[in-house]
Amino acid sequence: MTYADIEKPALPYRYEFGLDELEAAQACVDAHGFAVVKQVLSAELVKELQESVLQVIDPDGALGHGESYTHTTFVEHSPALWKLLDYEPYLRVQRLFCQADELTIHRSAAILRNPGSSPLTWHSDWHGFSQGPPQNAGDVLNRGHWPSGRWFYLTGSYPEHGGLAVIEDSHVEDWAGPEGFALTPDKRSFHPQGSEPKGYVGFDVPGIVPLFTEPGDQIIFAARTYHAAFSNRTDQVRLSCGLGLRPRSYRIEAPWPLPESAQAFIKALPARHQHFVENYVGIDTEWRGLEMTA
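Computed from a prediction, not measured in an experiment: that's the story for all the values here. (Residues numbered from 1 in each chain as written. Predicted model: local features only at pLDDT ≥ 70, side-chain atom pairs only at ≥ 80, totals over all residues. Heavy atoms only, no water.)

### Some points on the layout of surface pockets
- By volume, the largest pocket amounts to about 980 Å³.
- In terms of lining residues, the largest pocket is bounded by 44 residues, among which Arg 107, Ala 109, Asp 125, Asn 142 and Trp 151 are the most central.
- Of all the secondary-structure elements, those providing two or more residues to the lining of the largest pocket are β3 (68-71), β4 (103-113), α5 (137-141), β6 (149-153), β12 (226-229) and β13 (238-247).
- Here the lining of the largest pocket takes six residues from β4, the largest share from any one element.
- Taken together, the residues of the lining of the largest pocket sort by class into 18 nonpolar, 18 polar and eight charged.
- In this structure, the second largest pocket encloses a volume near 310 Å³.
- The wall of the second largest pocket is formed by 16 residues, among which Asp 30, His 145, Trp 146, Pro 147 and Ala 222 lie closest to the centre.
- Those elements that provide at least two residues to the lining of the second largest pocket are α1 (22-32) and α4 (88-98).
- Taken together, the residues of the lining of the second largest pocket sort by class into nine nonpolar, four polar and three charged. (1 Å grid on protein atoms, 1.4 Å probe; cavity = no way out; pocket = protein on both sides within 12 Å on 5 of 7 lines; lining within 4 Å. Points joined across faces, edges and corners; volume = space filled by probe spheres on them. Helix = DSSP H or I, 4+ residues; strand = E, 2+ residues; numbered from the N terminus. Nonpolar A, V, L, I, M, F, W, Y, C, P; charged D, E, K, R; others polar.)

### Quick word on the pattern of salt bridges
- Scanning the entire structure with this criterion turns up seven salt bridges.
- Residue Glu 16 is joined to Lys 8 by a salt bridge in which the shortest nitrogen-to-oxygen separation is 2.9 Å.
- Residue Lys 83 is joined to Glu 48 by a salt bridge in which the shortest nitrogen-to-oxygen separation is 2.6 Å. Of this pair, Lys 83 sits in the loop between α3 (79-82) and α4 while Glu 48 sits in helix α2 (residues 43-57), and the two are 35 residues apart along the sequence. (Salt bridge = Lys/Arg side-chain N within 4 Å of Asp/Glu carboxyl O.)

### Regarding α4
- For α4, the buried fraction is high: eight of the eleven residues fall into the buried class.
- Burial in α4 covers these residues: Pro 89, Tyr 90, Leu 91, Val 93, Gln 94, Leu 96, Phe 97 and Cys 98.
- The elements touched by buried residues of α4 are α1, β2 (34-37), β4, β6, β11 (218-221) and β13.
- Within two residues after α4, Gln 99 carries a phi angle of roughly 55°, on the positive side. (Buried < 20%, exposed > 50% of the residue type's maximum accessible area, 1.4 Å probe, protein only. Contact = heavy atoms within 4.5 Å.)

### Quick word on the environment of Cys 28
- Considering the arrangement of structural elements, one finds Cys 28 in helix α1.
- Relative accessible area serves as the criterion here: at 4%, Cys 28 is assigned to the buried category.
- Once the C-alpha coordinates of Cys 28 and Phe 276 are considered, the two residues, 248 residues apart in sequence, prove to be 27 Å apart.

### Concerning the packing of aromatic side chains
- All chains considered together, the criterion is met by 18 aromatic pairs.
- Taken together, a centroid distance of 6.4 Å and an interplanar angle of 65° make the contact between Tyr 13 and Phe 34 edge-to-face. One end of the pair, Tyr 13, is in the segment before β1 (16-17); the other, Phe 34, is in strand β2, with 21 residues separating them in the sequence. Accessibility assignment for this pair places Tyr 13 and Phe 34 in one class, buried.
- By way of ring pairs, the aromatic residues Tyr 3, Trp 122, Trp 175, Phe 181, Phe 190, Tyr 200, Phe 203, Tyr 226 and Phe 230 are connected into one cluster.
- Over the aromatic face of Tyr 3 sits the side chain of Arg 233, whose NZ or CZ is 3.9 Å from the ring centroid. (Phe/Tyr/Trp six-rings, centres within 6.5 Å; stacked < 30°, edge-to-face > 60°. Lys NZ or Arg CZ within 6 Å of the ring centre and 35° of its normal.)

Pasting the structure below:
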């Protein structure tokens, strides 16, 4: 079977919802760990964000066949993304899933995956499995309980085009891994039982749900939900981005100084948006905890 043969699954529950069904979408995330909210973005915003991802990541088209790149501070470089802070359909979704009216920017990213790029290892974004001191930026930032996945696949999500897949019901605290697999020691991924305990790359996994979405749809998954992406087997670039907000009441004491790019972003952000950067800490992907540097 090829990726092109993979069909949209017929599940015994709905996981696609309109903007007028947000309570039902949240209930689906609570029950199964994921949902899709249809047509959150306008066609105009989608086009602007597509252009912005290309301009920020690969303005000269230097990335070659099979290459991909993830930009971890996209909001700091993309005025097009700032427009979401004025866009009520987007904000309505974020307020509901964060269960808060007052929000601050948590983190952002954009991903460009060229034709031929490799699949993404199965993983959970949740860094709260370890109760020890934080060892990297993900340990600091990825411990909240709001959905970690709030992504726009700006060129659509389809298996053949490097689309996203999630594992239904994998977001619960006592999840032990798919049948026939065991969790890795850090619980961030899983592997076939009896094999080397490293993250698994493959789609013969029980419970996977390949997602089929249009460019304006938003994919939402819970903090712990395990997910992966197929390889891009088309001749078209795959573009995606996410702007994650969190409740403003959830304050983060970052162990790194506010990066210069974050300072410049805050200074450039219009006055009407300044409340979205209260306690914005940016990210220092090079930061390591004391145990890692000892």
